[in-house]
Structure formats: structure tokens, C-alpha cells
Amino acid sequence: MSDERPEKPLPELRASDADRDRVVERLRDAVAEGRLDMEEFEERLEAAYKSRTYAELEPLTADLPAPTGPAASPPAAVAAVAAGGSAWPGRIGGTGSSALAVAVMSGFQRKGRWTVPPRFDAVAFWGGGELDLREADFAQREVVINCVAIMGGIEITVPPGVDVDVRGFGFMGAFDQRDSPGPTEPGAPRVVVTGFAFWGGVEVKIKPPKRPSLRKAP
């Protein structure tokens with residue numbers, strides 16, 4: 001009687017991080033080969049990182065052939081990423097999702113996929129607000145986020161590589177950027193943070209996206 005495990009893992013077995021990484025790598029190859037568009041890639045990528053068993057992982061690549069050598073010429077955006085470039089041009093342009101957020105003894109939040117307008121006004125009075133730009137698109141190359149924090153706080157999170165310029169004024173309050181964004185990526189947007197803080201604060205944080213981005217292909 002053999003103790004060898006079957007060549008194909010049982011569907012109910014728990015998948016490892018390495019298993020998920022292999023699926024993600026195949027999905028990236030499929031984008032480069034033109035077999036998946038960006039929307040399909042993002043959907044499958046999110047599903048891959050949420051998968052817990054082989055049964056959940058297998059359908060994500062079931063309709064893709066196994067890689068058999070050099071990939072076909074990738075689309076321009078993916079080719080730029082593979083060469084160490086940037087996919088920012090695909091995220092700049094369009095109409096802002098909203099231009100104002102107000103928290104009065106309450107809170108507001110903008111995160112996930114949204115479009116930052118040329119000027120966004122954020123007001124927090126005895127409240128707090130969160131603006132997460134890591135997965136956002138930008139209406140134009142330079143956007144201005146004007147913050148008014150009175151006995152409240154506003155937190156702005158941007159991904160590495162974005163050009164950040166903090167110009168706000170604090171009176172018994174502060175505009176604070178603790179992290180360095182590092183070198184500005186080619187084609188990345190410029191985010192100007194301005195406004196006024198009184199007995200409150202505006203904090204700018206630099207954090208990578210929660211899920212892997214094609215802009216930072218390994």
C-alpha cells in the first residue's frame with residue numbers, strides 16, 4: 001500500500017501561500033498573453049488571494065492553457081510594467097466620483113475604486129474622515145485635496161511613488177506626513193494636500209495597495 005499523495009491535490013485540501021502565488025503568476029502571464037483583460041485579471045486576482053482550498057483555486061486557471069515557453073507580445077500597459085515602467089496612464093483621466101466629504105460629529109470614508117476629482121474638499125468637525133487613494137483613479141495628473149479639520153482628524157493614504165505635496169496650515173493642530181513616498185514613478189499623479197487644522201490634524205500616510213498591483217510586477 002503506497003503512502004504517496006496523488007499527483008493532483010484533493011479539492012478539499014487547504015491551499016498554501018505558494019499555491020496561491022503560482023495561480024497569481026499564471027494570471028499575470030495570461031494578461032501578458034492577451035488571454036485576460038484587466039477587469040478579469042483583477043477579479044481573479046482578488047479571488048485567488050481569498051481562496052482557502054484547491055477547489056476554490058482551480059477554476060481561476062481552468063480555462064487557461066499551461067505556459068509553454070515565451071509569452072506572446074503583451075499589451076502596451078503590461079509591457080511597460082514588465083520593463084519596470086508604470087501603468088499610471090490607465091488610471092488618470094475621467095470624471096471625479098465625488099468632490100466633497102463632510103463629517104460633523106460623525107465620519108466619512110472614501111476607499112477602493114473611486115476617481116479623485118481635480119479638487120476634493122474634506123471637512124471634519126468633531127469627527128473624522130479617511131481618504132484612501134491606493135486603488136483610486138485620478139481625474140487629472142495633479143489633484144488638490146483641501147482639508148478643514150476642526151477638533152477632528154482626516155487621514156489620507158497614498159501608494160508609494162505618488163508625488164505628494166503637503167501645504168496645509170495648523171493652528172494648535174497639525175498637517176503631518178510621517179512616511180517618505182520614495183522616488184516618484186514615471187507618469188504618477190501629483191497630490192497636493194492643503195487646508196487648515198484647528199485643534200485637529202491631517203495625516204498623510206504612504207502605504208502599498210492591499211493587493212498586488214501590476215505597477216509593481218516582480
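Only a predicted model underlies this, so the values are computations on that prediction, with no experimental measurement involved.

Visitor: How do you make sense of the side chain of Thr115 when you look at a structure like this?
Guide: Along the chain, the position of Thr115 falls in strand 3 (residues 115-116). Its relative accessible area of 13% is what places Thr115 among the buried residues.

Visitor: For this particular structure, what's the right way to read unusual backbone geometry?
Guide: Negative phi values dominate among residues other than glycine, just as trans dominates among peptide bonds. Even without glycine at this site, Met105 takes up a positive phi of about 55°. Relative to the helices and strands, Met105 resides in the loop between strand 1 (100-104) and strand 2 (107-110). Of note in the backbone geometry, Met151 takes a positive phi value of approximately 50° without being a glycine. Turning to its location among the elements, Met151 is positioned in the loop between strand 7 (142-150) and strand 8 (153-158). On the basis of relative accessible area, Met151 is assigned to the partly exposed category, the value being 30%.

Visitor: What is the right way to read a negative patch on the surface from this model?
Guide: There is a patch of like negative charges on the surface, built from Asp37, Glu39, Glu40 and Glu43. Of note, Glu40 is situated in helix 2 (residues 38-50).

Visitor: It is not clear to me how the environment of Ile92 should be interpreted in this structure. Could you clarify?
Guide: Mapped onto the secondary structure, Ile92 falls in the loop between helix 4 (76-82) and strand 1. If we ignore the near neighbours within four places in the chain, the residues touching Ile92 are Phe138, Gln140, Arg141, Gly187 and Pro189.

Visitor: Can you walk me through the nonpolar core in this structure?
Guide: Generally speaking, soluble globular proteins have nonpolar side chains that are buried together. In this structure, Leu133, Cys147 and Ile156 are the most contacted members of the largest nonpolar core, which totals 30 residues. Secondary structure elements with two or more residues in this core: strand 1, strand 4 (119-125), strand 7, strand 8, strand 12 (190-198) and strand 13 (201-206). Looking at this core, the element that brings in the most residues is strand 7, giving 4 residues. Leave out the neighbours within four places in its chain, and Ile156 touches Leu131, Leu133, Ile145, Cys147, Val193, Val202, Glu203, Val204 and Lys205.

Visitor: Could you clarify how one ought to interpret the pattern of salt bridges in this entry?
Guide: Oppositely charged side chains are able to pair whenever their charged atoms sit close together. Tallying each qualifying case throughout the model produces 12 salt bridges. The closest approach of N and O atoms between Asp165 and Arg190, which form a salt bridge, is 2.9 Å. Separated by 25 residues along the polypeptide, Asp165 in strand 9 (residues 163-166) and Arg190 in strand 12 bring together distant segments of the chain. Classification of Arg190 as partly exposed rests on a relative accessible area of 24%. It is possible to trace a salt-bridge network through shared partners that takes in Glu142, Asp163, Asp165, Arg167 and Arg190.

Visitor: Looking at this model, I keep getting lost on the packing of aromatic side chains. Mind explaining?
Guide: The description of an aromatic ring pair rests on the distance of the ring centres and on the angle between the ring planes. A full pass over the atoms with the stated rule returns 5 aromatic pairs. Centroid distance Phe198 to Trp199: 5.6 Å. Interplanar angle 5°. Geometry classified as stacked. Look at Trp199 and you get partly exposed, because its relative accessible area is 47%. Among the aromatic side chains, those forming a connected cluster through ring pairs are Phe171, Phe198 and Trp199.

Visitor: What exactly am I supposed to notice about helix 1 (residues 17-32) here?
Guide: The α-helix advances 3.6 residues per turn, and as a result positions three or four apart in sequence lie on the same side. Spanning 16 residues, helix 1 covers 23 Å between terminal C-alpha atoms, matching the ideal 22 Å at 1.5 Å per step. Along helix 1, the residues that are buried comprise Asp19, Arg20, Val23, Val24, Arg26, Leu27, Arg28, Ala30, Val31 and Ala32. Once helix 1 finishes, Gly34 follows within two positions and takes phi at roughly 80°, a positive value.

Visitor: Is there a simple way to think about the sheet that holds strand 8 in this case?
Guide: Remark on secondary structure: sheet strands pair via backbone hydrogen bonds, oriented parallel or antiparallel. Spatial strand order, 2-5-8-13-11: 5 strands in an open sheet with parallel pairing. If you trace the sheet from one side to the other, it starts and ends with strand 2 and strand 11 (174-177), each paired once. Across the sheet, the mean angle separating the axes of adjacent strands is 10° when strand polarity is ignored.

About the criteria used
Within every chain, residues take consecutive numbers counted from 1 along the sequence as written. Confidence filtering applies because this is a predicted model: local features only for residues at pLDDT of at least 70, side-chain atom pairs given and counted only at 80 or more, and all residues used for totals across whole chains, interfaces and linings. The basis for the side-chain values is all heavy atoms of the structure; hydrogens and waters are excluded. Counting from the N terminus, the helices are DSSP H or I runs at least four residues long and the strands are E runs at least two residues long. Each residue gets one of three labels from its accessible area relative to the maximum for its type: buried under 20%, exposed over 50%, partly exposed in between, using a 1.4 Å probe on protein chains only. Here a patch means residues that are over 30% exposed by relative accessible area and free of salt bridges, tied together within 9 Å if like-charged and within 5 Å if nonpolar (Val, Leu, Ile, Met, Phe, Trp, Tyr). A 1.4 Å probe and the Shrake-Rupley method give the accessible areas. Residues count as covered only by the protein chains that appear here. Take a side-chain nitrogen of Lys or Arg and a carboxyl oxygen of Asp or Glu: if they are within 4 Å of each other, that pair is a salt bridge. When charges are counted, neither His nor the chain ends are considered; positive counts come from Lys and Arg and negative counts from Asp and Glu. Each charge is placed at NZ for Lys, CZ for Arg, CG for Asp and CD for Glu. In this description, contact between two residues means that some pair of their heavy atoms is separated by no more than 4.5 Å. Put simply, a nonpolar core is a bunch of buried Ala, Val, Leu, Ile, Met, Phe, Trp, Tyr and Cys residues held in one set by side-chain atoms that sit within 4.5 Å of each other. Only Phe, Tyr and Trp rings take part, Trp by its six-membered ring, and two of them pair if their centres are within 6.5 Å. Stacked means planes under 30 degrees apart, edge-to-face means over 60, and tilted covers everything else. Each helix should span, by expectation, one fewer than its residue count multiplied by 1.5 Å. Paired strands are those between which DSSP finds at least two bridges. To define axes, lines are fitted to C-alpha atoms, for helices over the stretch in contact only, and angles between the resulting N-to-C directions are given on a 0 to 180 degree scale.

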